[in-house]
Amino acid sequence: MSIQIPRGTQDILPGTVEKWQYIEEKAKEICTNYQYKEIRTPVFESSELFTRGVGDTTDIVQKEMYIFEDRGGRNLALRPEGTASVVRSFVENKMFGNPNQPTKLFYSGPMFRYERPQAGRYRQFVQFGVEALGSEDPAIDAEVISLAMAIYQKIGLKNLKLVINSLGDSQSRLAHREALINHFKPSIGEFCSDCQSRLEKNPLRILDCKKDRDHELMGTAPSILDFLNEESKVYFDKVQTYLSSMNIEFEVDPTLVRGLDYYNHTAFEIMSNAEGFGAITTLCGGGRYNGLVEMIGGPSTPGIGFALSIERLIAALDAEKVDLPINEQIDCYLVSLGEEAKDYTVKLLHELRDNGFSAERDYQDRKIKAQFKAADRHKAKFVAVLGEDELKANKINVKDMTTGEQEEISLDQFISHFQQKLR
Ligand code: ATP
Ligand code: MG
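All values derive from a computational prediction rather than experimental measurement.

Structural notes on the pattern of salt bridges
In step 1: Under the criterion given, the structure shown has 24 salt bridges.
In step 2: Across the salt bridge formed by Asp194 and Lys63, the nearest N and O atoms sit 2.7 Å from each other. Residue Asp194 is located in helix 7 (residues 193–201), and its partner Lys63 is located in helix 3 (residues 59–64); the two are separated by 131 residues in the primary sequence.
In step 3: For Asp194, a relative accessible area of 16% translates into the label buried.
In step 4: Close ionic contact of Glu115 with Arg121 constitutes a salt bridge, the shortest N to O distance being 3.1 Å.
In step 5: Of the residues examined, Arg121 reaches a relative accessible area of 18% and is grouped as buried.
In step 6: Taken together, the shared-partner salt bridges connect Asp59, Lys63, Asp194, Arg198 and Lys211 into one network.

Considerations on the nonpolar core
In step 1: Ranked by size, the top nonpolar core spans 50 residues in total, and within it Ile151 and Phe306 carry the most contacts.
In step 2: Top contributing element to this core by residue count: helix 5 (residues 138–155), with 11 residues.
In step 3: Membership of the second largest hydrophobic core comes to 47 residues, among which are Val61, Phe90, Tyr107 and Tyr262.

Topic: the side chain of Glu131
In step 1: Tracing the chain through its elements places Glu131 in strand 6 (residues 124–133).
In step 2: A polar atom in the side chain of Glu131 sits 2.8 Å from the side chain of Thr83.
In step 3: Engagement of the side chain of Glu131 in a polar contact is seen with the side chain of Tyr289, the distance being 2.6 Å.
In step 4: Setting aside anything within four residues of it in sequence, one finds Glu131 in contact with Tyr36, Thr83, Val86, Thr103, Lys104, Leu105, Tyr107, Tyr289, Ile304 and Gly305.

Some details on the sheet that holds strand 3 (residues 66–69)
In step 1: Spatial ordering of the open sheet is given by 2-4-3, a layout of 3 strands whose pairing is antiparallel. Either end of the sheet is taken by a strand with one partner, and the two such strands are strand 2 (44–46) and strand 3. Between one strand and the next, the sheet's axes are offset by a mean angle of 35°, whatever the strand orientation.
In step 2: Strands in contact with helix 2 (residues 47–55) are strand 2, strand 3 and strand 4 (75–78); relative to strand 2, the strand with the most contacts, it is inclined by about 75°.

Observations concerning the sheet that holds strand 12 (residues 332–336)
In step 1: Strand order across the open sheet formed by 5 strands is 13-12-14-15-16, with mixed pairing between neighbours. The sheet is open, and its two edges are formed by strand 13 (359–361) and strand 16 (406–410), each paired on a single side. Averaged over neighbouring strand pairs, the angle between their axes works out to 25° when direction is ignored.
In step 2: Alignment of strand 15 (residues 395–400) against strand 16, held across 5 bridges, turns out to be antiparallel.

Focus: the site of ligand 1
In step 1: In the region of ligand 1, 16 residues are neighbours, and Arg113, Glu115, Arg121, Tyr122 and Leu283 sit closest.
In step 2: One nitrogen or oxygen atom from the side chain of Arg113 is found 2.9 Å from an oxygen atom belonging to ligand 1.
In step 3: Glu115 places a polar side-chain atom, nitrogen or oxygen, 2.6 Å from a nitrogen atom of ligand 1.
In step 4: Computed on the free molecule, ligand 1 has an accessible area of 590 Å², of which 83% lies beneath the protein chains in the complex.
In step 5: The dominant element in the shell around ligand 1, judged by the number of residues it contributes, is strand 10 (residues 282–288), at 4 residues.
In step 6: Residues belonging to the shell around ligand 1 are distributed by class as follows: 6 nonpolar, 5 polar and 5 charged.

Parameters and conventions
Residues numbered from 1 in each chain as written. Chains lettered and ligands numbered in written order. Predicted model: local features only at pLDDT ≥ 70, side-chain atom pairs only at ≥ 80, totals over all residues. Heavy atoms only, no water. Salt bridge = Lys/Arg side-chain N within 4 Å of Asp/Glu carboxyl O. Helix = DSSP H or I, 4+ residues; strand = E, 2+ residues; numbered from the N terminus. Buried < 20%, exposed > 50% of the residue type's maximum accessible area, 1.4 Å probe, protein only. Core = buried A, V, L, I, M, F, W, Y, C linked by side-chain atoms within 4.5 Å. Polar contact = N/O pair within 3.5 Å; in protein donor to acceptor, adjacent residues only side chain to side chain. Contact = heavy atoms within 4.5 Å. Pairing = 2+ DSSP bridges. Axes fitted to C-alpha atoms, helices over the stretch in contact; angles between N-to-C directions. Near = heavy atom within 4 Å. Areas by Shrake-Rupley, 256 points an atom, 1.4 Å probe, with all protein chains shown as cover. Nonpolar A, V, L, I, M, F, W, Y, C, P; charged D, E, K, R; others polar.

Right under this line is the structure:
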């Protein structure tokens with residue numbers, strides 16, 4: 001049998017890849033407006049980075065990591081997410097020492113998780129994310145959220161739902177943690193084995209359990225919002241005020257959690273409301289993680305970020321039937337008749353491209369009719385026809401495919417003709 005693509009991965013072929021390019025370009029452009037700079041980190045890291053940085057009680061680390069030993073006996077992992085790597089690099093490169101703070105970074109690249117593949121869930125997927133490190137101003141929380149929303153909106157999505165919550169500071173979280181343990185402990189036997197081990201280690205993660213989500217104790221669990229201390233409340237209020245001042249609609253959902261100790265204050269998700277969008281509706285997740293930099297060995301530095309996957313963004317675009325403004329047209333297709341004219345198109349084609357025009361010619365020895373068909377398939381704006389007679393007369397026939405207008409042009413004027421018409 002021939003070799004097939006690994007389960008949970010996909011080839012992105014011409015015809016679809018243009019969507020990806022458009023989205024990635026757009027997201028980068030928006031990041032530039034918001035003054036986030038790109039960072040590129042390796043696709044593999046020490047496994048320990050993720051056990052520490054993502055947390056060894058998470059599904060990502062416990063069940064989903066691709067771990068391997070290299071020939072030198074090092075324990076490495078294909079990165080399952082981007083934040084830990086960005087923070088590692090921030091610490092390793094002492095970016096906290098730069099005068100420009102906060103350090104605002106974005107990344108884009110493949111992530112790897114050993115998951116059960118289904119619509120919107122792949123084993124290799126592309127995440128686009130941002131991290132803002134070094135500021136505890138609630139305005140930066142609002143900025144990060146508004147940046148995520150801008151990416152979806154400027155790409156053309158309309159049916160979006162933004163959900164936010166606050167996990168408070170460590171004092172608030174500790175009080176909430178106690179209340180959660182008391183709430184679940186008497187009935188913990190009715191929960192899955194993961195939840196049982198979460199009870200003491202990380203009870204907040206019980207609220208995030210996919211297996212037990214319908215258990216009645218889930219709905220009645222103590223809300224983090226009732227445990228926020230004054231400072232945390234003020235912080236959360238500020239974030240909401242800033243969002244409202246930017247006309248960004250949101251809902252507060254006290255059950256939205258991030259299960260790790262170093263997460264605090266703002267947590268958010270963006271969901272698709274589009275009809276026909278699959279069971280998995282979350283497009284983007286983010287939050288504040290003031291303890292993470294320290295956990296990874298750097299100086300105590302606040303941080304906030306989000307990650308979204310391009311796969312789910314595209315699924316949402318498809319569900320909303322958004323047409324992206326992708327240019328599929330080429331500027332000129334060169335049709336030739338006869339051996340000498342054909343040879344001459346090599347030079348003409350090169351001149352067109354050299355001057356910045358997209359252009360193509362026939363390489364299959366096609367008859368003239370088939371060359372015109374090829375020009376159609378390329379959606380050529382202009383078709384230039386060169387026959388033996390034209391070549392002798394130092395001329396070429398250029399047809400504007402939009403207007404149908406034809407002109408005989410001197411070969412010396414060929415490039416300047418396109419410069420006039422297309423610039
Ligand atoms: P889920 O609950 O869907 O498993 P998650 O909590 O594991 O999501 P995060 O780790 O917060 O997701 O990742 C951020 C974003 O990355 C998600 O909101 C989603 O858009 C995307 N994402 C996560 N896992 C996958 C995957 N396996 N395939 C495609 N996209 C994914
Ligand atoms: Mg997951």
